[in-house]
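Okay, here's what each chain looks like letter by letter:
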Amino acid sequence: MFDLTGKNALITGASGGIGGEIARALHAAGATVALSGTRVEPLQALADELGERAHVLPCNLSDPEAVEALPKQAAEAMGSVDILVNNAGITRDNLFMRMSDEEWQSVIDVNLTSTFKLCKGVLRGMMKARWGRIINISSVVGATGNPGQGNYAASKAGMIGMSKSLAYEVASRGITVNAVAPGFITTAMTDKLTEDQKAGILQQVPAGRMGEPAEIAAAVLYLASPEAGYVTGTTLHVNGGMAML
Amino acid sequence: MSDVADRVKKIVVEHLGVEEGKVTENASFIDDLGADSLDTVELVMAFEEEFGIEIPDDAAETIQTFGDAVKFITEAS
C-alpha cells in the first residue's frame with residue numbers, strides 16, 4: 001500500500017520539522033523528492049540523509065520570481081512534478097488592532113499567494129499526465145481562528161477554499177487537491193512556547209499530548225498515494241481531537 | 001487546406017473525440033464540439049507544444065473556433 005515508486009514530489013518548507021518528515025515519508029514510499037526551503041544547510045543535510053532520489057532546490061517564497069521559477073526547476077531536476085506539497089509557512093503574530101499592513105501582507109504572500117502560484121506552475125504537467133496530487137498544509141487555526149493570528153488564520157483558511165475550488169476544476173483529469181490541517185505539533189515553531197503555554201494548549205487537546213511531525217507526514221503520504229484517488233477537496237484534520245471538524 | 005489547419009484539426013479531433021467532418025472553419029470548440037472550459041485550456045497547451053509557440057492568456061481567450069485557432073497560429077508561427 002502507498003507505493004510512490006516512479007513519482008516525483010516537490011515539497012516546500014522541507015527544512016522545517018513537518019516538511020522534513022513529509023519528505024522522508026514520501027521518499028521512503030519510493031518517490032523522488034525535491035526539497036525546497038530558504039535555508040540550504042538543513043536541506044542539504046536532509047538530502048544527504050536520504051541519499052539517492054533527493055534534490056535540493058533553495059527558494060525564498062517571498063520572492064515572486066523565485067516562486068515562478070521553482071516548478072520549472074523541480075521539473076528539470078526530476079523530469080516532472082507529480083506530487084506537490086505546499087508546506088512552507090510563516091507567522092507574524094500580532095493583535096489585530098496592532099497588525100501592520102506589512103505583517104498582514106507578508107504572511108498572505110508566503111502562505112497563500114505562493115501556494116496559488118506553485119499550484120498553477122505544476123498543473124500543466126499534471127493535466128498532460130492525467131495524474132497529480134496537490135496537498136496543501138493548512139492549520140487548525142484556519143478553521144477555528146486564534147487570537148494574535150488574524151493574518152496566519154486568514155492565509156490558512158484561504159488555502160482550504162482555494163484547494164476546494166481547484167479540486168473541482170481538475171478532478172476530471174485525475175488530479176486531486178486536498179488540505180491537511182495540523183493541530184499543535186512539536187516543531188521549532190512550538191518549541192518557543194513556554195511550559196505554561198504548552199500546558200494551557202494541552203488542556204484543549206483530548207489526546208493529551210502534542211502531535212509529532214511524522215503523524216502529519218502519514219496523512220500527506222495517504223493523500224499522495226494512488227489509493228487516495230477518490231479523495232479530493234477535503235481537509236484532513238490531524239489535531240488529537242482539539243477541533244472535531 | 002494548409003498544413004497548419006491539418007495539424008490543428010488532428011489535435012482537436014484527438015483531444016475532443018469528435019468526427020473530422022465536424023471541425024469546420026466556424027465550429028466553436030465549446031458550442032459545437034462539446035468542449036468544456038478546461039478542454040479549451042488543454043487545446044491551447046497542445047497547440048503551443050505542436051507549433052513551438054507561446055499563446056498568452058488574453059490571446060487564448062479569443063480563440064473560440066477552429067478558424068480562430070488556425071488564424072492565430074498561422075500568424076504567430
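For the structure, see preceding data.
Residues numbered from 1 in each chain as written. Chains lettered and ligands numbered in written order. Predicted model: local features only at pLDDT ≥ 70, side-chain atom pairs only at ≥ 80, totals over all residues. Heavy atoms only, no water.

**Considering the layout of surface pockets**
Using a probe with the size of a water molecule, rolled over the atoms, empty space left in the structure can be pinpointed. Where we set the bar: We place a 1 Å grid over just the protein atoms. Points where a 1.4 Å probe fits but has no way out form a cavity, open points with protein on both sides within 12 Å along at least 5 of 7 lines form a pocket, and any residue with an atom within 4 Å of a point lines it. Grid points are joined across faces, edges and corners, and a volume is the space filled by probe spheres set on the points. Only runs of H or I of at least four residues qualify as helices and only runs of E of at least two qualify as strands under DSSP, and these elements are numbered from the N terminus. In this count, Pro and Cys sit with the nonpolar residues alongside Ala, Val, Leu, Ile, Met, Phe, Trp and Tyr, while Asp, Glu, Lys and Arg are called charged and the others, Gly among them, polar.
Put simply, the largest pocket is a space of about 1600 Å³. Forming the boundary of the largest pocket are 46 residues, of which K120 and R124 of chain A together with V41, M45 and D57 of chain B lie nearest the centre. Ranked by residues supplied to the lining of the largest pocket, first place goes to helix α4 (residues 101–129) of chain A with 12 residues. The computed volume of the second largest pocket comes to approximately 1400 Å³. Around the second largest pocket, the lining comprises 48 residues; the ones closest to its centre are G89, T91, Y152, T187 and M189 of chain A. Going through the elements one at a time, α1 (17–28), β2 (32–37), α5 (140–144), α6 (150–170), α7 (188–191) and α8 (195–202) of chain A are the ones with two or more residues in the lining of the second largest pocket. Within the lining of the second largest pocket, the residues separate by chemical class into 19 nonpolar, 25 polar and four charged.

**Description of the nonpolar core**
Residues and elements named next belong to chain A. Just so we agree on the cut-off: The nonpolar core is taken to be a set of buried Ala, Val, Leu, Ile, Met, Phe, Trp, Tyr and Cys residues, with the residues joined through side-chain atoms within 4.5 Å. Burial classification: accessible surface area is computed with a 1.4 Å probe over protein chains only, and a residue below 20% of its type maximum counts as buried, one above 50% as exposed, and the rest as partly exposed. Here, residues are in contact when the closest pair of their heavy atoms is within 4.5 Å.
Ranked by internal contacts, the top residues of the largest apolar core, which has 32 residues, are I11, I22, L26 and I83. Put simply, the parts of the chain that give this core at least two residues each are β1 (8–11), α1, β2, α2 (40–50), β4 (83–86), β5 (132–137) and α9 (213–224). Residue contributions to this core peak at seven residues, all from α9. Once you skip the residues sitting within four places of it in the chain, I22 turns out to touch I11, V85, N87, I137, A217 and V220. If you look at the next biggest cluster of nonpolar residues, it comprises 28 residues, including V67, A88, V110 and C119.

**A short note on the interface of chain A and chain B**
Operational definition: Take the accessible area each of two parts loses on contact, using a 1.4 Å probe, and add the two losses: that sum is the buried area. Salt bridges are identified by distance alone: a Lys or Arg side-chain nitrogen within 4 Å of an Asp or Glu carboxyl oxygen.
Across the contact, seven residues belong to chain A and eight residues belong to chain B. Of all residues in chain A, the largest losses of buried area upon contact with chain B belong to R124, M127 and R173 of chain A, amounting jointly to 66% of the total for that side. Viewed at the interface, chain B and chain A are joined by six salt bridges. A salt bridge links R124 of chain A to E48 of chain B, with the nearest nitrogen and oxygen atoms 2.5 Å apart.

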